Every structure is written in C-alpha cells, then in structure tokens.
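# Remarks on the overall topology
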Amino acid sequence: NVQVRKAKKQAATAIINFDSQCFGACRRKLLEPILHDPDNLCYIAVDAHEIAGYCAATVYAEMAGLGPLMHRRNRGDIAVALLQTILGRLRNRDVFTCAPVEEVALLELLFKAGLQEKFRVTRMFLGNAVAKGCTFMPESLERG
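Quantities reported herein were computed from a predicted structural model and do not represent experimental measurements.

Definitions and limits used
- Along each chain, the written sequence defines residue order, and numbers are assigned to residues from 1.
- Residues qualify for local features only when their pLDDT is at least 70, as the model is predicted, and side-chain atom pairs are given and counted only at 80 or more; totals for whole chains, interfaces and linings, by contrast, use all residues.
- Derived side-chain values reflect all non-hydrogen atoms in the structure, with water molecules and hydrogen atoms excluded from consideration.
- The secondary structure listing takes helices from DSSP runs of H or I that are at least 4 residues long and strands from runs of E that are at least 2 residues long, numbered from the N terminus.
- Every radius of gyration here is taken over C-alpha atoms, with the globule rule written as 2.2 Å times N^0.38, N being the number of residues.
- Fitted lines through C-alpha atoms serve as axes, helices being fitted only where they are in contact, and the angles separating the N-to-C directions of these axes extend from 0 to 180 degrees.
- Every angle not falling under 35 degrees, over 145, or within 65 to 115 is termed oblique; those three ranges are roughly parallel, roughly antiparallel and roughly perpendicular.
- A crossing counts as left-handed when the near helix is turned anticlockwise from the far one by less than a right angle, and as right-handed when that turn is clockwise.
- Should any heavy atoms of two residues lie within 4.5 Å, those residues are counted as being in contact.
- Note on residue categories: nonpolar means Ala, Val, Leu, Ile, Met, Phe, Trp, Tyr, Cys or Pro, charged means Asp, Glu, Lys or Arg, and polar means any other residue, Gly included.
- Only protein chains enter the accessibility calculation, which uses a 1.4 Å probe; a residue whose area is less than 20% of its type maximum is buried, one above 50% is exposed, and one in between is partly exposed.
- Only strands joined by at least two bridges in the DSSP assignment are considered to pair.
- Whether a crossover is right-handed depends on one test, that the path from the first strand over the helix to the second runs clockwise when the strands point away from the viewer.

## What to know about the overall build of the protein chain
- Within the protein chain, the secondary structure is distributed over 4 helices and 6 strands.
- Start at the N end of the protein chain and walk to the C end: the helices and strands fall as β-α-α-β-β-β-α-β-α-β.
- Relative to the globule expectation of 15 Å for 144 residues, the C-alpha radius of gyration of the protein chain, 14 Å, shows essentially globular dimensions.
- In terms of its C-alpha atoms, the protein chain occupies a principal-axis envelope of roughly 35 × 35 × 30 Å.

Structure follows, in structure tokens:
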C-alpha cells in the first residue's frame, strides 16, 4: 500500500540515494538545493517502508517548476499519486515542467490539471540512456 507524504528534511539522503539508483549517477549537487529550500515542495511515495518515488517542485513567487520526478517504471500509480498531491499544493501558480511523451498517464494527468504543451524537445544519448527501469521527469531543460 503506497503512501504519499511530504518529505522531511531528514529524507534528503534517502531521496538522493533512490535518485542515484534510478538515474545511474549521483545528482546530489542538483537535488540538495531543491530539497533543502523551505519554499520548495517535495513529496515521497513510500511502499513497504522504502521510497518508491518522489516528486519535487521549485517554487517561486507566482510560479513553480515541477520536477524532478522519479519512480520505478512499472509503478505509474506512484507517479499519478505524487503528481496529484504536488499539483494540489501548486494551485494559483503558473506551473511548468518537462514530461516524456511516452508516459501517456502522466501527460493525461498534466493536461487535466490545465497544463498545455508548448513545445517538444528531443533527448539524445551517447552510450547508455539514463533512468533505466525508472520513469524520470527532469528538474528543468537546463539541468536535468
């Protein structure tokens, strides 16, 4: 049974470790400023006492950047629960994000929440693709 809850400051290390396992590299320098800023939001999904996914949002005065989001690929229910929770907290703000086009359930949820597609980008890799076995929404186009 998955539970979504606000991530406490002490959960930062567990979130970074989960992200590293999914992403295939440590993104501590990217994640710590997001996770430790009290104005930002971060929610974790816990299943069997372990982190099964997380979603963060960088919050500005009247807008927010949604992401990163990471969860195990076979658990779309986790992504939906995380996004519903965090989007509910971002009401009355302009929200922007990047989402993979193959994740139809995520896109449907984002469209239902009122987000609109503005443009598409192509993600390219040299060597192995990142986030094997996980679904990944980047923090931003510039920083992943």
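There is more to say, and it comes next.
## Examining the packing of helix H3 (residues 76-89) against helix H4 (residues 104-112)
- Axis separation between H3 and H4 bottoms out at 10 Å; the angle between their running directions is 20°. Taken together, the axes of H3 and H4 lie roughly parallel to each other. Once H3 is placed against H4, the crossing between them reads as right-handed. Of the residues in H4, those touching H3 at Ala79, Val80, Leu83, Gln84 and Leu87 are Leu106, Leu109 and Leu110.
- Class assignment of the residues belonging to the contact of H3 with H4 gives a composition of 7 nonpolar, 1 polar and no charged.

## Examining the pairing of strand E4 (residues 63-72)
- Counting buried residues along E4, 8 of its 10 residues qualify, which places the element largely inside the surrounding structure.
- Remark: 3 residues form the turn of the hairpin made by strand E3 (residues 50-59) and E4, two consecutive strands paired antiparallel.
- Between the parallel pair E4 and strand E5 (residues 94-97), the chain is carried across by H3, and the sense of this crossover is right-handed.
- One ladder, built from 4 bridges, connects E4 with strand E6 (residues 134-137); its direction is antiparallel. Opposite Met70, over in E6, you have Phe136 as the bridge partner.

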